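Commentary on secondary and tertiary structure
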Amino acid sequence: MVVYFLDNDIIIKLSAYNLFWQAMKAWGIADPAIRVLPTASRFISRDWSIKDQYDGRTRTEACRIADKCTKLVNPGTPEFAALQGIEGIDVGEALLISATSVEPDFYIVTADKRCLRALASSGMTATLDRLQYRIICLEQLVIQLIQQDTDFDKIYRRITKATACEVSVTEAFKLADQAAIIQRLQEEVDRLRNDTGNLLVP
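These remarks concern the structure in this document. (Residues numbered from 1 in each chain as written. Predicted model: local features only at pLDDT ≥ 70, side-chain atom pairs only at ≥ 80, totals over all residues. Heavy atoms only, no water.)

Its volume calculated, the largest pocket comes out at about 430 Å³. Forming the boundary of the largest pocket are 20 residues, of which Asn 8, Asp 9, Phe 43, Ile 50 and Asp 90 lie nearest the centre. Counting only elements with at least two residues in the lining of the largest pocket, the list comes to helix 1 (8-16), helix 4 (48-53) and helix 7 (91-99). (1 Å grid on protein atoms, 1.4 Å probe; cavity = no way out; pocket = protein on both sides within 12 Å on 5 of 7 lines; lining within 4 Å. Points joined across faces, edges and corners; volume = space filled by probe spheres on them. Helix = DSSP H or I, 4+ residues; strand = E, 2+ residues; numbered from the N terminus.)

The following block contains the structure:
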């Protein structure tokens, strides 16, 4: 089974849009394949910056999702410690990345661009080789959702009414039509790909 490691950012932003499970389905991610940080629910419910930015419905939904999903296990590898020493990678992201080392087939699903850029310039050759074409960003998920879901109006309505939590998505959904929105999101994917080499899925 292919395993998908999700960071806290992707959970809470898709919860803000009220589109988490729809996005998973559009990408073909089955519930048993999802792995989240063991501290995800506690972090989302208690972190002051999340409380400051997101409403109670979003936080409750994100915690419900995190509680439902399987928690990843710390492999206890030297890589975990090394990743924590890189500026721009927090302990949660370090754990998420290092947990992939014990899975033969995996993807990381993240909305943390700062982490990806830090990882790409980290010089951790073995880690970067393992993660080639193994990372899915938020904009790629939204593009796939638009292309797979037959109810574009629902997606548009939910995102435009949500807390503006990802600038690229907020700006894209100010555009006039579906094709223009996809194009703007793809431009952001291309920009991130330019910054991170071969990390993003094609």
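One pass over the full model with this rule turns up 4 aromatic pairs. Here Tyr 4 and Tyr 107 contribute two aromatic rings whose centre-to-centre distance is 5.5 Å and whose plane-to-plane angle is 20°, an arrangement assigned as stacked. Residue Tyr 4 is found in strand 1 (residues 3-6), and its partner Tyr 107 is found in strand 4 (residues 106-110); the two are separated by 103 residues along the sequence. Accessibility expressed as a relative area gives 21% for Tyr 107, which makes it partly exposed. Ring centres 6.0 Å apart and planes at 40° place the aromatic pair Tyr 156 and Phe 173 in the tilted group. Placement of the pair is Tyr 156 in helix 11 (residues 152-161) and Phe 173 in the loop between helix 12 (167-172) and helix 13 (178-196), with a sequence separation of 17 residues. Relative accessible area serves as the criterion here: at 2%, Phe 173 is assigned to the buried category. Each member of the aromatic cluster is reached from another via a ring pair, and the members are Phe 152, Tyr 156 and Phe 173. Over the ring of Trp 21 we find Lys 68; its NZ or CZ atom is 4.6 Å from the centre of that ring. Here the basic side chain of Arg 134 rests over the ring of Phe 106, its NZ or CZ set 5.5 Å away from the ring centre. (Phe/Tyr/Trp six-rings, centres within 6.5 Å; stacked < 30°, edge-to-face > 60°. Buried < 20%, exposed > 50% of the residue type's maximum accessible area, 1.4 Å probe, protein only. Lys NZ or Arg CZ within 6 Å of the ring centre and 35° of its normal.)

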